[in-house]
Amino acid sequence: MKKIFLLLLALFISTISFAQETTLLHCGKLIDTENGTVLTERTITVQGNKIIAIDKGYTQPKKNQAVVDLTSKTVMPGLIDMHVHIEGETSPKRYIEPFTKNEADVAYTAGEIAKRTLMAGFTTVRDLGGSGVNVSLRNAINKGTVDGPRIFTAEKAIGTTGGHADPTNGYKKELMGDPGPAEGVINSPADARKAVRQRYKNGADVIKITATGGVLSVSKNGVNPQFTQEEINEIVKTAKEYGMSVAAHAHGIEGMQRAIKGGVTTIEHGSLMDKETAMLMKQYGTYLVPTLSAGRYVRQQADIPGYYPDIIIPKIMKVDAGIRQTMKMVADEGVNIAFGTDAGVFPHGENAKEFIYMVETGWSEMFSIQSATITNAKVLDMQGQLGELKEGYLADIIAVDGNPTKDISTMTSVSFVMKNGVIYKK
């Protein structure tokens, strides 16, 4: 009995010792996202999944302390993408995949995408609509079964009959049926309440609605409003009761304004916004997620015959004609901006190109980095845990080659990734 006790005690002490092992990151440059400055020669001390200290200079390691040399890099918090679709990605076959892919096929694809996203430096993402596999993927990542970013998922998006998130658009009549709240399709405030509750039951973290038509859905109109004001009000009210925020896909003005007045947290895309709507966003404190990468990529692919169904091409052209002017106006007016890309509409892993497009639009290099870190942490209600490199914060840390505050393109060359204190790329 005594031997067993001593063995157990030794195992316990060994476990405690392992838990207290620390890693020192020697950082040549460190981006202070709170103050918008670049610090030099700092040491970040990581223990478990937390940052426990940040010191000037390069701290010399003690016994059992590992050192990671990032002295030639610029170090910053792990990046947060507020708009991805992690279950799949763009392809000319995308519109037939619902008929050819099983749930397991989607899951295997999503697992590979998740790892690719993490390796690109995005340690947290907000997944805005899929089949429901996204919930299982989130859970698998949280358990450590799959490598990937921390996921906040909307499960399935909520739309209206024939609207952008109606999963049966373009189907023949025998397959079309009449999807309802369980499938994410509503036609009344009562339906809206049921759909939100269903998303909660299915494991969603956030709610996604399609407040206007969409560009890539198989339907004619990409900008028309698709919910009544009462329906949006009920969605937001119910979501808040269940501890969830609401993201609203929107391209057209009327749909955007209804969503803003209804109290959504973010407007996704905002492609054809006018100044009145921009002022309304500022009044309500609503954030815009520009998804510039999606617009650029879709316009390029539209020139490839057969890549998209014919019904989609005029919508692409209409949005492309106005989006650059819209975004320059938004930047000039100082609308709240949350970084998001719509990855999946373009290949996952290329999310960091959004930084380049933001700077081209008129936002500064530091602003774009802050939008993907401290700002997005606030929008996710994760301030105090993510978005900054500070004592007590989760150890989500990345490094890039060069200085992105001087050359934003260096954001596409992530050379070090740590999430929750675990190194995934070195």
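Please refer to the structure higher up on the page.
Only a predicted model underlies this, so the values are computations on that prediction, with no experimental measurement involved. (Residues numbered from 1 in each chain as written. Predicted model: local features only at pLDDT ≥ 70, side-chain atom pairs only at ≥ 80, totals over all residues. Heavy atoms only, no water.)

1. Side note on the overall build of the chain
Which entries qualify depends on this criterion: Runs of E in the DSSP output that reach at least two residues are strands. Runs of H or I that reach at least four are helices, and both are numbered from the N terminus. Atoms counted for the radius of gyration: C-alpha only. Globule rule: 2.2 Å times the number of residues to the power 0.38. For this analysis, residues touch if any pair of their heavy atoms sits within 4.5 Å. Each accessible area is a Shrake-Rupley estimate made with a 1.4 Å probe; only the visible protein chains count as cover when residues are assessed.
When helices and strands are tallied, the chain shows 13 helices and 16 strands. At 23 Å, the chain has a C-alpha radius of gyration in line with the 22 Å of a compact globule built from 426 residues. Its C-alpha atoms put the chain at 70 × 55 × 40 Å along the principal axes. The long-range share in the chain, meaning contacts at least 24 apart out of those at least 6 apart in sequence, stands at 69%. Taken as a whole, the chain presents about 18500 Å² of accessible surface, with 52% of it coming from carbon and sulfur.

2. What about the sheet that holds strand β10 (residues 207-210)?
The criterion, for reference: Two strands form a pair only when DSSP identifies at least two bridges running between them. Fitting a line to C-alpha atoms yields each axis, with helices limited to the stretch in contact; the angle taken between N-to-C directions then spans 0 to 180 degrees.
Pairing is parallel in the open sheet, where 4 strands are placed in the order β10-β11-β12-β13. Edge positions in the sheet fall to β10 and β13 (287-289), since each has one partner strand and no second. The sheet shows a mean angle of 25 degrees between the axes of neighbouring strands, direction not considered. One ladder, built from 4 bridges, connects strand β11 (residues 246-250) with strand β12 (residues 266-269); its direction is parallel. Along β12, the bridge assignment pairs Ala-247 with Thr-266.

3. Overview of helix α8 (residues 253-262)
Quick reminder of the rule: Burial classification: accessible surface area is computed with a 1.4 Å probe over protein chains only, and a residue below 20% of its type maximum counts as buried, one above 50% as exposed, and the rest as partly exposed.
All of the buried residues in α8 are Gly-255, Met-256, Gln-257, Ala-259, Ile-260 and Gly-262. In the core, the buried residues of α8 are packed alongside α7 (229-241), β11, β12 and α9 (275-284). One or two steps after α8, the chain reaches Gly-263, where phi turns positive at roughly 100 degrees.

4. Notes on unusual backbone geometry
The phi torsion at Glu-41 lies on the positive side, around 50 degrees, for a residue other than glycine. Even without glycine at this site, Glu-155 takes up a positive phi of about 60 degrees. Mapped onto the secondary structure, Glu-155 falls in the loop between β7 (150-153) and β8 (159-160). Of the residues examined, Glu-155 reaches a relative accessible area of 4% and is grouped as buried.

5. Structural notes on the environment of Leu-137
Relative to the elements of secondary structure, Leu-137 occurs in helix α4 (residues 133-143). Sequence separation between Leu-137 and Ala-110 is 27 residues; the distance between their C-alpha atoms is 7.4 Å.

6. Comments concerning the pattern of salt bridges
Here is the rule we go by: The salt bridge criterion pairs a side-chain nitrogen of Lys or Arg with a carboxyl oxygen of Asp or Glu, the two atoms within 4 Å.
Inspection of every chain in the model, using the stated rule, returns 19 salt bridges. Among the salt bridges present, the one from Asp-320 reaches Arg-299, with a minimum N-O distance of 3.6 Å. You can see Asp-320 sitting in helix α11 (residues 313-333) and its partner Arg-299 sitting in helix α10 (residues 292-301), a full 21 residues away along the chain. Looking at Asp-320, the relative accessible area reads 22%, which means it is partly exposed.

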